[in-house]
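A structural walkthrough
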Amino acid sequence: MTTAKASGSVPDESGPTITTSIPARLDRLPWSRWHWTIVLGLGTVWILDGLEVTVVGNIASRLSEPGSGLPITSGQVTGIAAALYVAGACVGALFWGRLTDKWGRKKLFMITLAVYLAATALTSIAFDTWWFFAFRFLTGFGIGGEYAAINSAIDELIPKEYRGRVDLMINGSFWLGAVGGSLLSIVALNTDIFPANVGWRLTFALGAVLALVILLVRRHVPESPRWLLIHGRDEEAEQIVSAIERKIEAERGEPLPPPEGEITIHQRGGVTFMEIARTVFSDYRRRAVLGFSLFIGQAFLYNAITFGFGAILTTFYDVPTGDTGYYFAVIALGNFFGPLLLGKLFDTVGRRVMISGTYLLSGLLLFGTAWLFDQGSLSANTLTACWCAVLFFASAGASSAYLTVSEIFPMETRAMSIAFFYALGTAAGGISGPLLFADLTGTGKVGDTVLAFQIGAALMCLAGLVAAALAVRAERRSLEDIAQPLTATASSPAATVKSDA
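Quick caveat, the model's predicted, so the values are computed rather than measured. (Residues numbered from 1 in each chain as written. Predicted model: local features only at pLDDT ≥ 70, side-chain atom pairs only at ≥ 80, totals over all residues. Heavy atoms only, no water.)

It is worth spelling out helix H10 (residues 199-218) at this point. In a regular helix each residue adds 1.5 Å, so 20 residues correspond to 28 Å; H10 covers 29 Å between its end C-alpha atoms and thus fits that length. Among all positions in H10, only Gly-199, Trp-200, Arg-201, Thr-203, Phe-204, Gly-207, Ala-208, Ala-211, Ile-214, Leu-215 and Arg-218 are buried. (Helix = DSSP H or I, 4+ residues; strand = E, 2+ residues; numbered from the N terminus. Expected span 1.5 Å × (residues − 1). Buried < 20%, exposed > 50% of the residue type's maximum accessible area, 1.4 Å probe, protein only.)

Shown next, in the form of structure tokens:
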């Protein structure tokens, strides 16, 4: 059925005005095999990100040993290289985020994955420190673009009843990659299996191979019909949605229920940076404060725990370098199960309670862990158990940060908003964090490591309080209802939601 119809033109250059029920048709779809293809095609890239970050952290000691093939220190790997990877992700998010809103979700999530693939493959053949640093930056550059393109596409394709849990599950899949990276590093660090200068190279090469497989799967993911509508390609949007509906009706053996509601928009080619800035910092400034708080809090908490993780275990508990991967695999599983088991509650109990609750709980638990560590009450096993509990809640909270900024701003600014908050929040916590925490955890002093934990815990609790006051009740609501598209006409139902300033 065709529901996108022109209703005239406007005197400016924004194109014709159309009335459509396509967003409502996407939101009323029941869960189906087609939705699983979206999850597999788009979500699996976080596994690669988790693999990258974890492998580098766990093989830092081996890279710094004689015979690794690189003249690099452990501090340079966990400090400078980690910061460059995050810096690349921040720059990439901003660069690719703008193009995602301008060129479309699909084109960019194919390009950014290709950039990642090439950069991680070239990391595997690093022969000098500068080469390793350069391609860590470029690997992050590709991953940063993925964050904007993927989260935009996920939220625009997944029905409103499932959007929260699916977004959290996909972002949480990062930790499946972390588990794989931890176990892979155990094999890579075993010099009985691979020479010291070969094993770490194979881990990066494997990342490139996995990226190639994902690239092939991703070809079957369509462009966002919502993006097509706004950019004057309503016929393509209609074809995509109609094809999805036919597949789901055939799968269920019954017709779909009728959609509820239409939206009228002025089609246009894109938005300017000034429009984005005015929308985010004027019309939605309370939501902007929320986004910054969530990203900064989770970035510092994760850097407080994960960067220098191996150094903490080896320095304070004499854990052999080759065994740190086992401990990281345990906390990575805690991270993965947090979004997986708590995700549904974000759609039922609600965003405000769950976002603030997960942030506050993880922060308080980390304060408790810091106290126990300071008292000398923890072993390597019990410290790992404490981290596992902290990160069970923190992972759900951190994943909800991406969900939040991808659904509370207008359609035309979505990818750029994700990119902006990710870049600024992560730059604050993800660039300064590795440099700060690598120094603190590397001194071998209990008090310095306790301080690192306390900084992360305090910022997480502060973000939780901000969420309790400012989080948007977006559960089970359409994206157009949460934030009015900039192209919506005054007569459109979506135009009733303007701002929260």
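Next comes the rest of the account.
Right, let's get into the pairing of strand S2 (residues 16-20). When you tally the buried positions in S2, you get four out of five residues, the bulk of the element. In terms of strand pairing, S2 meets strand S3 (residues 263-266) through four bridges, oriented antiparallel. Opposite Thr-17, over in S3, you have His-266 as the bridge partner. (Pairing = 2+ DSSP bridges.)

A few words on the state of the cysteines. What makes a disulfide is a covalent bond joining the sulfur atoms belonging to two cysteines. Inspection of the entire model under this criterion finds zero disulfides. For the unlinked cysteine Cys-388, the closest cysteine sulfur is that of Cys-386, found at 10 Å. Its sulfur unpaired, Cys-461 is 16 Å from the next cysteine sulfur, which belongs to Cys-386. For Cys-461, a relative accessible area of 11% puts it in the buried group. (Disulfide = S-S within 2.5 Å.)

Attention shifts here to unusual backbone geometry. Phi at Asp-318 takes a positive value of approximately 55°, unusual for a residue other than glycine. Phi at Arg-476 is positive, roughly 55°, even though this residue is not glycine. Relative to the elements of secondary structure, Arg-476 occurs in the loop between helix H20 (446-470) and helix H21 (479-482). Given the relative accessible area of 36%, Arg-476 is considered partly exposed.

This paragraph deals with the environment of Thr-489. Along the chain, Thr-489 falls in the segment after H21. Residue Thr-489 is classed as buried on the basis of its relative accessible area, which comes to 10%. For the pair Thr-489 and Gly-376, spaced 113 residues apart in the sequence, the C-alpha separation amounts to 63 Å.

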